[in-house]
Amino acid sequence: MRKNYLLVGGAMLVLAGCTNLDVKSVEMMAPKGGDFNAALQKEYVALAKMEAAEFDWPDVSLFNGKAAAAANGEKVGPQNINDRRLPKDAIPGLSVARSSLVKALESGGPAKAPQHAARAQAMFDCWMQ
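In this report, the structure presented in the accompanying data block is examined.

### Some thoughts on the overall build of the protein chain
Looking only at helices and strands, the protein chain has seven helices and zero strands in total. For the protein chain, the N- to C-terminal ordering of α and β elements is α-α-α-α-α-α-α. A separation of at least 24 residues holds for 66% of the contacts in the protein chain among residues at least 6 apart in sequence. A total of about 8000 Å² of accessible surface is found on the protein chain, and carbon and sulfur atoms cover 60% of it.

### Focus on the packing of aromatic side chains
Per the stated rule, a full pass over the model turns up three aromatic pairs. Taking the centre distance of 5.9 Å and the plane angle of 70 degrees together, the rings of F55 and W57 count as edge-to-face. Residue F55 is classed as exposed on the basis of its relative accessible area of 61%.

### With respect to the layout of surface pockets
Counted as a void, the largest pocket has a volume near 220 Å³. Looking at the largest pocket, it is lined by 13 residues, and the ones nearest its centre are F36, K75, V76, G77 and L105. Ranked by the residues each element gives to the lining of the largest pocket, the list is headed by helix α5 (residues 91–106), at four residues. Split into classes, the residues belonging to the lining of the largest pocket amount to six nonpolar, three polar and four charged.

### What to know about the side chain of D56
Here D56 is to be found in the loop between α3 (35–53) and α4 (57–71). There is no salt bridge for the buried D56, and the closest opposite charge comes from R84, which lies 5.9 Å off by N-O distance. Of note is the side chain of D56, whose polar atom sits 3.2 Å from the side chain of Q129. Leave out the neighbours within four places in its chain, and D56 touches E51 and Q129.

### Some remarks on the packing of α5 against helix α7 (residues 114–128)
Angle between the axes and distance between the axes: these two values describe a pair of packed helices. In the contact formed by α5 and α7, the axes pass within 11 Å of each other and the chain directions differ by 160 degrees. In terms of their interaxial angle, α5 and α7 are classed as roughly antiparallel. Where α5 crosses over α7, the two elements pack in a sense that is left-handed. Of the residues in α7, those touching α5 at G93, L94, A97, R98, L101 and L105 are A117, A120, Q121, F124, W127 and M128.

### Side note on the nonpolar core
Counting 27 residues, the largest nonpolar core has L40 and Y44 as the members making the most contacts within it. Listing elements by their share of this core, those giving two or more residues are α2 (23–27), α3, α4, α5 and α7. In contact with Y44, not counting residues within four places along its chain, are F63, K66, A67, V76, G77, Q121, A122 and D125.

The rules behind each value
- Per chain, residue numbering runs from 1 following the sequence as it is written.
- The model is predicted, so local features are restricted to residues of pLDDT at least 70 and side-chain atom pairs to those at 80 or more, both for listing and for counting; the totals for chains, interfaces and linings are taken over all residues.
- In computing side-chain properties, one takes all heavy atoms of the structure into account and sets aside hydrogens as well as water.
- Runs of E in the DSSP output that reach at least two residues are strands. Runs of H or I that reach at least four are helices, and both are numbered from the N terminus.
- Every residue pair with non-hydrogen atoms within 4.5 Å of one another is taken to be in contact.
- For accessible areas, the Shrake-Rupley method is used with a probe of radius 1.4 Å. Any residue's cover is judged against the shown protein chains and nothing else.
- Between rings of Phe, Tyr and Trp, where Trp is taken as its six-membered ring, a pair exists when centres lie within 6.5 Å; planes separated by under 30 degrees are stacked, by over 60 edge-to-face, and by other angles tilted.
- The rule is simple: take the accessible area with a 1.4 Å probe, protein chains only, and divide by the maximum for that residue type; under 20% is buried, over 50% is exposed, in between is partly exposed.
- Residues are said to line a cavity or pocket when one of their atoms sits within 4 Å of a point; the points come from a 1 Å grid over protein atoms alone, cavities being sets where a 1.4 Å probe fits but cannot get out and pockets being open sets with protein on both sides within 12 Å along at least five of seven lines.
- Grid points are joined across faces, edges and corners, and a volume is the space filled by probe spheres set on the points.
- Lys, Arg, Asp and Glu make up the charged group, whereas Ala, Val, Leu, Ile, Met, Phe, Trp, Tyr, Cys and Pro make up the nonpolar group; the residues left over, Gly among them, are polar.
- The charge count includes Lys and Arg as positive and Asp and Glu as negative, but it does not include His or the ends of the chains.
- Each reported salt bridge corresponds to a side-chain nitrogen of Lys or Arg within 4 Å of a carboxyl oxygen of Asp or Glu.
- Definition of a polar contact: a pair of N or O atoms within 3.5 Å, with one able to donate and the other able to accept a hydrogen when the atoms are protein atoms, and with sequence-neighbouring residues admitted only if both atoms are side-chain atoms.
- Between N-to-C directions, angles span 0 to 180 degrees; the directions come from axes that are lines fitted to C-alpha atoms, helices contributing only their stretch in contact.
- Here the word oblique covers every angle except those under 35 degrees (roughly parallel), over 145 (roughly antiparallel) and from 65 to 115 (roughly perpendicular).
- Crossings are classed by handedness, with left-handed meaning an anticlockwise turn of the near helix from the far one by less than a right angle and right-handed meaning a clockwise turn.
- In these notes, a set of buried Ala, Val, Leu, Ile, Met, Phe, Trp, Tyr and Cys residues joined through side-chain atoms within 4.5 Å is what counts as a nonpolar core.

Now the structure itself:
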């Protein structure tokens, strides 16, 4: 039994080295690119931590990667509808919500209210998840 735990623990360490699972390092990155990117970094780190608590490693990697990109000053948008396997009945509502979010983001939302815009984007991605 103990051998199994050691194998799983070792596999997790290897996996952590190969993917984007180092949430603490991303959290400690100095943000570049303005208030919106800094807020996105914070929001996506929070989602990555939440997913880590649930052992959802693919989503930890996704959200942590988005946090790192935001911290590096890159443009990070909301997740595309086709990026997830979604129930067919959820797609129309999510599509309308994403369209509204993108419109708000493209019409100055991040400059006017960076924290709120970042929160809206991250929560959309969380909803998709």
